[in-house]
Amino acid sequence: MDIPAKPWPTGLSEQCEPLVRRVLAPNASPYTFTGTQTYIVGAGSEVAVIDPGPADSGADGDPSPFKGADTNGKGHVEAILAAVGKSTIAAILCTHTHRDHSPAAAVIKAKTGAPIIGCAALTISDDGPRADSAFDASYAPDRVLADGERLAGPDWTIEAVATPGHTSNHLCYSVLESGALFTGDHVMAWSTSVVSPPDGDMAAYMASLDKLYARDDRVFYPAHGPAIGKTRQLVRGMLGHRRQREAQILRLLGQAPHVIPEMVAAMYKGLDPRLVGAAGRSVLAHLIDLRNRTVVSDEGDLWRLR
């Protein structure tokens, strides 16, 4: 899906449904679509903030090819606090700790005293090409939620849904009163999620998709891109897409051993050159999964059928 034409409603509070508002961060890029969407849950005296997004720094000197696009959230914290208004922030929740999702948590906590609750901290070396593949080293949760654990406010109850794959610490959040599920980067309508080893795990990602397919959520609110109404239909399509990619890999390796750049060139026709590296990471994730299942083997950079 192409990024829609500007203007994008960055900095504005948009009402998605009675218990959910959205504030868009000014960090659009080929990997974040129109930017990170921060959600505010609750309509009363206490609210929860989900995926507070990038902090107000990071653009200058960023080594990424997008010149800080994934980290520059200037003014976003102020926009979140304005949207919250006189309500108390009872919890700041992050789906995962890529730096387009979680750095503003520490800033909001410093300004309001609100606790950071949700996914576990995770800071590892990641050689993926995405600007947001770097993990947020500043993230320090006050409480980590286990799968199925809940927290509540006056008019909302949020339940954690563990969905590892995109990252090992990825959580989705369900609002029990409305049937909404905040899916972070696990499920999006505009793009498939990048699964980038060493932390990204294709087997875990597929299992997490199966987990969502078994649920009956009314709507998905991803961190990037539009809300999703036909939730099970989308998840079914994403499962099928990943199986098709695996089948493509097996067909190519059935012809001859290949290196990953050759596979990407054959599998992703017309791909934006800026996304080639990310496609290679997802191919690698598929290959590692296939190797773990003893379907393929590798020797250096060369992959072949067993």
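Residues numbered from 1 in each chain as written. Predicted model: local features only at pLDDT ≥ 70, side-chain atom pairs only at ≥ 80, totals over all residues. Heavy atoms only, no water.

K.L.:
Just give me the short version of the sheet that holds strand E3 (residues 37–41), but keep the residues and values in it.
P.N.:
The seven strands are arranged E1-E2-E3-E4-E5-E6-E7 in an open sheet whose pairing can be described as mixed. Every other strand in the sheet has two partners, leaving strand E1 (13–17) and strand E7 (143–144) as the edge strands with one partner each. The pairing of strand E4 (residues 46–50) with strand E5 (residues 88–94) spans five bridges and is classified as parallel. Opposite Glu46, over in E5, you have Thr88 as the bridge partner. Set on the sheet, helix H2 (residues 104–112) makes contact with E5 and strand E6 (116–118); between it and E5 the angle comes to about 165°. (Pairing = 2+ DSSP bridges. Helix = DSSP H or I, 4+ residues; strand = E, 2+ residues; numbered from the N terminus. Contact = heavy atoms within 4.5 Å. Axes fitted to C-alpha atoms, helices over the stretch in contact; angles between N-to-C directions.)

K.L.:
Can you lay out the side chain of His170 for me, pointing to particular residues and giving the numbers?
P.N.:
One can find His170 in the loop between strand E9 (157–162) and strand E10 (171–175). Judged by its relative accessible area of 1%, His170 falls in the buried class. Separated by 3.2 Å, the side chain of His170 and the backbone nitrogen of Asp185 make a polar contact. Within the structure, the side chain of His170 is placed 3.5 Å from the backbone nitrogen of His186, a separation counted as a polar contact. (Buried < 20%, exposed > 50% of the residue type's maximum accessible area, 1.4 Å probe, protein only. Polar contact = N/O pair within 3.5 Å; in protein donor to acceptor, adjacent residues only side chain to side chain.)

K.L.:
Tell me what's going on with the packing of aromatic side chains, and back it up with residues and numbers.
P.N.:
Each aromatic ring pair is specified by the distance between its two centres and by the angle formed by the two planes. Tallying each qualifying case throughout the model produces four aromatic pairs. Relative to Phe182, the ring of Tyr39 lies with its centre 5.0 Å away and its plane at 55°, an arrangement referred to as tilted. Separated by 143 residues along the polypeptide, Tyr39 in strand E3 and Phe182 in strand E11 (residues 180–184) bring together distant segments of the chain. Just as Tyr39 is buried, Phe182 falls in that class too. Note on Phe182 and Tyr221: the rings are 5.5 Å apart at their centroids and 25° apart in plane angle, and the pair reads as stacked. Of this pair, Phe182 sits in strand E11 while Tyr221 sits in strand E12 (residues 219–222); the two residues are 39 residues apart in sequence, bridging distant segments of the chain. For Phe182, a relative accessible area of 1% gives the class buried. For Tyr221, a relative accessible area of 4% translates into the label buried. The rings of Tyr39, Phe182 and Tyr221 are connected pair by pair, giving a single aromatic cluster. The aromatic ring of Tyr213 is capped on one face by Arg232, whose charged end is 4.0 Å from the ring centroid. Residue placement shows Arg245 over the ring face of Tyr268; its charged tip is 3.9 Å from the ring centre. (Phe/Tyr/Trp six-rings, centres within 6.5 Å; stacked < 30°, edge-to-face > 60°. Lys NZ or Arg CZ within 6 Å of the ring centre and 35° of its normal.)

Shape descriptors only; they carry no functional weight alone.
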